[in-house]
Amino acid sequence: MKRVNSKSKKEEKSSLVKEDAAIYKTSPKKKLTDKEKEILDNLSHSIDFVKKYSKGKTKTKSINQLLNEL
């Protein structure tokens, strides 16, 4: 710990606190499985659709249209 000459005790305490920053360790990221990648991809497509729908840039299909496509 490094001491800093300052005019008041309060300034001295604040300077000591700034020097002692916490060190965080992150665990290594694991590789995603194919199923996890597929889920994340579907989720991102869904989010994009909801954003476009809320801005009025896309329209939804009726239930009958969806059933006819199946």
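1. Structural notes on the overall build of the protein
Link 1 in the chain: When you go through the protein residue by residue, the secondary structure sums to three helices and zero strands.
Link 2 in the chain: Order of helices (α) and strands (β) in the protein, N terminus to C terminus: α-α-α.
Link 3 in the chain: In the protein, which comprises 70 residues, the share counted as buried stands at 4%.
Link 4 in the chain: As displayed, the protein has an accessible area near 7600 Å², and 56% of this comes from carbon and sulfur atoms.

2. A closer look at helix α2 (residues 34-54)
Link 1 in the chain: Between the first and last C-alpha of α2 there are 30 Å, a value that for 21 residues agrees with the 30 Å anticipated at 1.5 Å per step.
Link 2 in the chain: Note on α2: the residue one or two positions beyond its end, Gly 56, has a positive phi of about 80°.

3. Quick notes on the confidence of the model for the protein
Regions with low pLDDT carry predicted coordinates that are not meant to be interpreted in detail.
Link 1 in the chain: A residue-level look at the protein finds 69% of positions with pLDDT of 70 or above and a mean pLDDT of 76.
Link 2 in the chain: Predicted confidence in the protein is weakest over helix α1 (residues 9-19), with a mean pLDDT of 56, and strongest over α2, with 91.

Calculation rules
- Residues numbered from 1 in each chain as written.
- Predicted model: local features only at pLDDT ≥ 70, side-chain atom pairs only at ≥ 80, totals over all residues.
- Heavy atoms only, no water.
- Helix = DSSP H or I, 4+ residues; strand = E, 2+ residues; numbered from the N terminus.
- Buried < 20%, exposed > 50% of the residue type's maximum accessible area, 1.4 Å probe, protein only.
- Areas by Shrake-Rupley, 256 points an atom, 1.4 Å probe, with all protein chains shown as cover.
- Expected span 1.5 Å × (residues − 1).
- pLDDT = per-residue confidence, 0-100.

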